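Here is how the chains run, residue by residue.
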Amino acid sequence: MRWDLIQALALIQLASAGPVEKRDTVTAQVNFNNNTGTPQHLASGLLYGVPDTLNQIPSHFYQNIGYNYERAGGAQVAAPGRGWIWGLTEYKKRFQSALSNYKTAREYGATFIFLIHDLWGADGSQNSTAPYPGDNGDWSSWDAYLTQLFSDIKANSMTSGLVIDIWNEPDLTVFWNRDQSQYLQMWGRTWHKFRAEFGTAVALSGPASAGEPLSTNTWWKAWASFVASNQSVPDQYAWHMEGGGGDLLSANAGLDHWLATYNLPSKTININEYAVYNEQVPAGSAWWIGQLERINAHGLRGNWLSGTNLRDYMASLLGKSGSTYYPNGDYQVYKYYYQNMTGHRVGTLPSSDLKLEAYSTVGTDYARVLVGVRIATGTWELKLNSLSSLGLPTSGTLNVHTWGFPVASDVHYGEVDAPTDLGWYGHAYSGDTVNFPVYQTDKVTAYAFEFAI
Ligand SMILES: *[C@@H]1O[C@H](CO)[C@@H](O)[C@H](O)[C@H]1NC(C)=O
Ligand SMILES: *[C@@H]1O[C@H](CO)[C@@H](O)[C@H](O)[C@H]1NC(C)=O
Ligand SMILES: *[C@@H]1O[C@H](CO)[C@@H](O)[C@H](O)[C@H]1NC(C)=O
Ligand SMILES: *[C@@H]1O[C@H](CO)[C@@H](O)[C@H](O)[C@H]1NC(C)=O
């Protein structure tokens, strides 16, 4: 959540006129004999993006992408709604914003992650003298805040489908401008208070760090060590993937390292902010879908808007003309992912340069592969293995139907109502495997390949 730190620039897309660089050693793969279970469209969550006014965005926009996770807590509600550190009245206004987002989420069966640091007032807009929980060893304001919050959660029947995010990005000074040990005291205190109040009816999540849990990350080392000794392991391990070009295979290996080091249990993984702004295009979204599905992590789209726009546009999946919403190109990827990629998932591997990702499902009559390149142009290869496990011959011609998922001239907010049918092509193959190129002539278009089984 660094909309206030980074002035994102609109990606200007130049169509590539010349031939694209061949990257023939870099091949993504789909292994059709590796059934990895029922699709849950794990990447279909949003950070903010939902208006405070109920039903402002028509239902079908949520329903058609299988919207399943929301994360909010009244950030950037203006004065007099700046949160607890400005007094009870300003807390109440921010709470109402969170409550209305909770209601929208629950209307569609989505789980709601409550950002209680935003409700406190540490949403990044706080001034340099803003108080933090436990300043000078005094926890009275934080304790009173939690007492008020517990009472409001109960009074508004908010416990179902509720996850508490103990503090957002505590490894960044913009959200936690104190040392880590004060944060860890806050973590332990808050975790145990929530458990004492709600038992396991309300899930707890964290640390929602900006940094990945790599084995070199000393902030994570201190966190993992503390939660082990303090017996305050969250129900979801959460961190963000919004910078530095990191990938989830290495981040997940890093998490495994800390779990093994401190003998911590495995839990649901939630990447509750993923993708930087220029990755929020069809190619980037398809790339992240492949990443998240491989490690079975929930994912919530990051949000790069601010002010009231933060709580609108479904985290840059929609545009608006007057008060009428329409879908963008990125939206079509999530719609296809939810509505068409049914049946069972199969295992995939990204290209060795980690640029081309694939997500694949096998339905009753079609197998489908969604691919996305991480914001680059070039030619990659896609290799589909074990075709015979789908009942196809080990050699012959595979007729593949291709869909393109483009953007409009306004990359993020231009209207796109459907993917583009790019027709059928027959690929000769043998050895139970077919290989074909993915021509990525721009940095934004995702592709889906389908074939009958
Ligand atoms: C800074 O924020 C605090 C609340 O966090 C408020 O009490 C204080 O008046 C603010 N200071 C200024 C100079 O705005
Ligand atoms: C966990 O840490 C909090 C904050 O320091 C403390 O109040 C609590 O007693 C600790 N619990 C355990 C089991 O260590
Ligand atoms: C996806 O599935 C929906 C619902 O069955 C269908 O209407 C639509 O044509 C399909 N889209 C594609 C691109 O196949
Ligand atoms: C199947 O795919 C999953 C997810 O990509 C992977 O973790 C697993 O190692 C694969 N299993 C085999 C036998 O290839």
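This one's a predicted model, so the numbers in the text were calculated from it and none came from an experiment. Note that residues are indexed from 1 along each chain, following the sequence as it is written. Chain letters and ligand numbers both follow the written order, the letters beginning at A and the numbers at 1. For this predicted model, a pLDDT threshold of at least 70 governs which residues receive local features, and a threshold of 80 or more governs which side-chain atom pairs are given and counted, while totals over whole chains, interfaces and linings are taken from all residues. Calculated side-chain values reflect all of the structure's heavy atoms, with hydrogen atoms and water omitted.

Novice: Got a minute to help me understand the overall build of the protein in this structure?
Specialist: Helix numbering and strand numbering both begin at the N terminus, where a helix is a DSSP run of H or I of at least 4 residues and a strand a DSSP run of E of at least 2. Scanning the protein for helices and strands turns up 9 helices and 19 strands. Relative to the 2.2 N^0.38 estimate, which gives 22 Å for 453 residues, the radius of gyration of the protein is 23 Å and therefore close to what a compact globule would have. Across its three principal axes, the protein shows a C-alpha extent of roughly 75 × 55 × 40 Å. Within the span of the protein, comprising 453 residues, buried residues form 59% of the whole. Any two residues whose heavy atoms approach within 4.5 Å are treated as being in contact. Excluding contacts between residues fewer than 6 apart, the proportion of contacts in the protein whose partners are at least 24 apart in sequence is 79%. Surface accessibility follows the Shrake-Rupley procedure with a 1.4 Å probe radius. Residue values consider only the protein chains on display as shielding. Here the protein displays about 16,700 Å² of accessible surface, and carbon together with sulfur accounts for 49% of that area. On the protein, the mean spot of the 28 positive side-chain charges and the mean spot of the 39 negative ones are 4 Å from each other. The atom set for the radius of gyration is the C-alpha atoms, and the globule formula is 2.2 Å times the number of residues raised to the power 0.38. Per-residue accessibility, obtained with a 1.4 Å probe over protein chains only, is compared with the maximum for each type, and a residue is labelled buried under 20%, exposed over 50%, and partly exposed between these values. Charge counting treats Lys and Arg as positive and Asp and Glu as negative, with His and both chain ends excluded. Charge coordinates come from a single atom per side chain, which is NZ of Lys, CZ of Arg, CG of Asp or CD of Glu.

Novice: Can you walk me through the site of ligand 1 in this structure?
Specialist: Distances are taken per atom, and a residue is near a molecule or strand as soon as one of its heavy atoms is within 4 Å of it. I85, W86, N127, T129, A130 and P131 make up every residue found near ligand 1. Between ligand 1 and N127, the relevant distance is 2.4 Å, taken from an oxygen atom to a side-chain nitrogen or oxygen of the residue. Out of a free accessible area of 360 Å², ligand 1 has 49% covered by protein chains. The class makeup of the residues in the shell around ligand 1 is 4 nonpolar, 2 polar and no charged. Whenever two N or O atoms come within 3.5 Å, that pair is a polar contact, provided that in protein one can donate a hydrogen and the other can accept it, and provided that, for residues adjacent in sequence, both atoms are side-chain atoms. Any residue outside Ala, Val, Leu, Ile, Met, Phe, Trp, Tyr, Cys, Pro, Asp, Glu, Lys and Arg is labelled polar, Gly included; the first ten of those are nonpolar and the last four are charged.

Novice: In this structure, what is going on with the domain arrangement of the protein? I would like to understand it.
Specialist: Much of the literature gives interface size as the accessible area that the parts lose upon coming together. The domain boundaries here were taken from an automatic or database domain assignment. Along its sequence, the protein is organised into domain 1 (15-39 + 343-452) and domain 2 (45-338). Distance between the C-alpha centres of domain 1 and domain 2: 32 Å. Tallying the contact residues gives 36 residues for domain 1 and 33 residues for domain 2. When two components associate, each loses some accessible surface as probed by a 1.4 Å sphere; the sum of these losses over both components is called the buried area. Between domain 1 and domain 2, the buried area comes to about 2,800 Å², and carbon and sulfur atoms account for 59% of it. When the area that domain 1 buries against domain 2 is broken down by residue, the three leading residues are R374, H412 and Y413, summing to 28%. The salt bridge criterion pairs a side-chain nitrogen of Lys or Arg with a carboxyl oxygen of Asp or Glu, the two atoms within 4 Å. Summed over the shared surface of domain 1 and domain 2, the number is 3 salt bridges. Where domain 1 packs against domain 2, one counts 20 residue pairs in polar contact (both at pLDDT 80 or more). Sorting the residues of the side of domain 1 that touches domain 2 by element identifies strand 12 (344-349), strand 13 (356-362), strand 14 (366-373) and strand 19 (446-452) as the ones contributing at least two each. In terms of residue count, the dominant contributor to the side of domain 1 that touches domain 2 is strand 14 (5 residues). For the side of domain 1 that touches domain 2, the residue count by class is 21 nonpolar, 6 polar and 9 charged.

Novice: Sorry, what's going on with the site of ligand 3 here?
Specialist: Close contacts around ligand 3 come from Y336, Q339, N340, W403 and E450, and that covers them all. For ligand 3, the protein covers 46% of the area, taking 360 Å² as the surface of the free molecule. Taken together, the residues of the shell around ligand 3 sort by class into 2 nonpolar, 2 polar and 1 charged.

Novice: What exactly am I supposed to notice about the packing of aromatic side chains here?
Specialist: We describe a pair of aromatic rings using the distance from one ring centre to the other and the angle between the two ring planes. Two aromatic rings, drawn from Phe, Tyr or Trp (for Trp, its six-membered ring), form a pair once their centres lie within 6.5 Å of each other, and the interplanar angle then sorts them: stacked below 30 degrees, edge-to-face above 60, tilted otherwise. What the rule picks out here adds up to 37 aromatic pairs. Their ring planes at 75 degrees and their centres at 4.7 Å tell us that F150 and F194 sit as a pair that is edge-to-face. One end of the pair, F150, is in helix 4 (residues 140-155); the other, F194, is in helix 5 (residues 180-198), with 44 residues separating them in the sequence. Of the two residues, F150 and F194, neither departs from the other in class, the shared state being buried.

Novice: Honestly, the pattern of salt bridges in this entry has me stumped. Any pointers?
Specialist: A side chain of one charge can pair with a side chain of the opposite charge when the charged atoms of the two come close. For the structure shown, the criterion picks out 16 salt bridges. Here E90 and R82 are joined by a salt bridge, their closest N and O atoms 2.8 Å apart. What makes R82 partly exposed here is its relative accessible area of 26%. When the shortest N-O distance is used, the salt bridge between R195 and D235 registers 2.7 Å.

Novice: What exactly am I supposed to notice about the nonpolar core here?
Specialist: Most often, soluble globular proteins have nonpolar side chains that are buried together. For this analysis, a nonpolar core means a set of buried residues of the types Ala, Val, Leu, Ile, Met, Phe, Trp, Tyr and Cys, connected via side-chain atoms within 4.5 Å. F114, Y145, L149, W167, F194 and W223 are the most contacted members of the largest nonpolar core, which totals 98 residues. Ranked by residues supplied to this core, first place goes to helix 5 with 7 residues. Built from parts of two domains, this core gets at least three residues from each of domain 1 (15-39 + 343-452) and domain 2 (45-338). With residues near it in sequence (within four places) discarded, F114 still touches A72, G73, F95, A98, L119, L149, M158, L162, V163, I164 and D165. In terms of nonpolar packing, the next biggest core, distinct from the first, is built from 28 residues, F32, V346, L356 and V400 among them.

Novice: Looking at this model, I keep getting lost on the pairing of strand 16 (residues 396-405). Mind explaining?
Specialist: The two faces of the sheet receive side chains in turn, since in a regular strand these alternate between them. Pairing geometry for strand 16 and strand 17 (residues 420-429), over 8 bridges, is antiparallel. Residue W403 lies in a different strand from strand 17, and its bridge partner there is D421. Here, strands pair whenever DSSP counts at least two bridges between them. Two strands pair when backbone bridges link them, and strand 16 and strand 19 are joined in this way by 5 bridges, in the antiparallel orientation. The residue of strand 19 that forms the bridge with F405 is A446.

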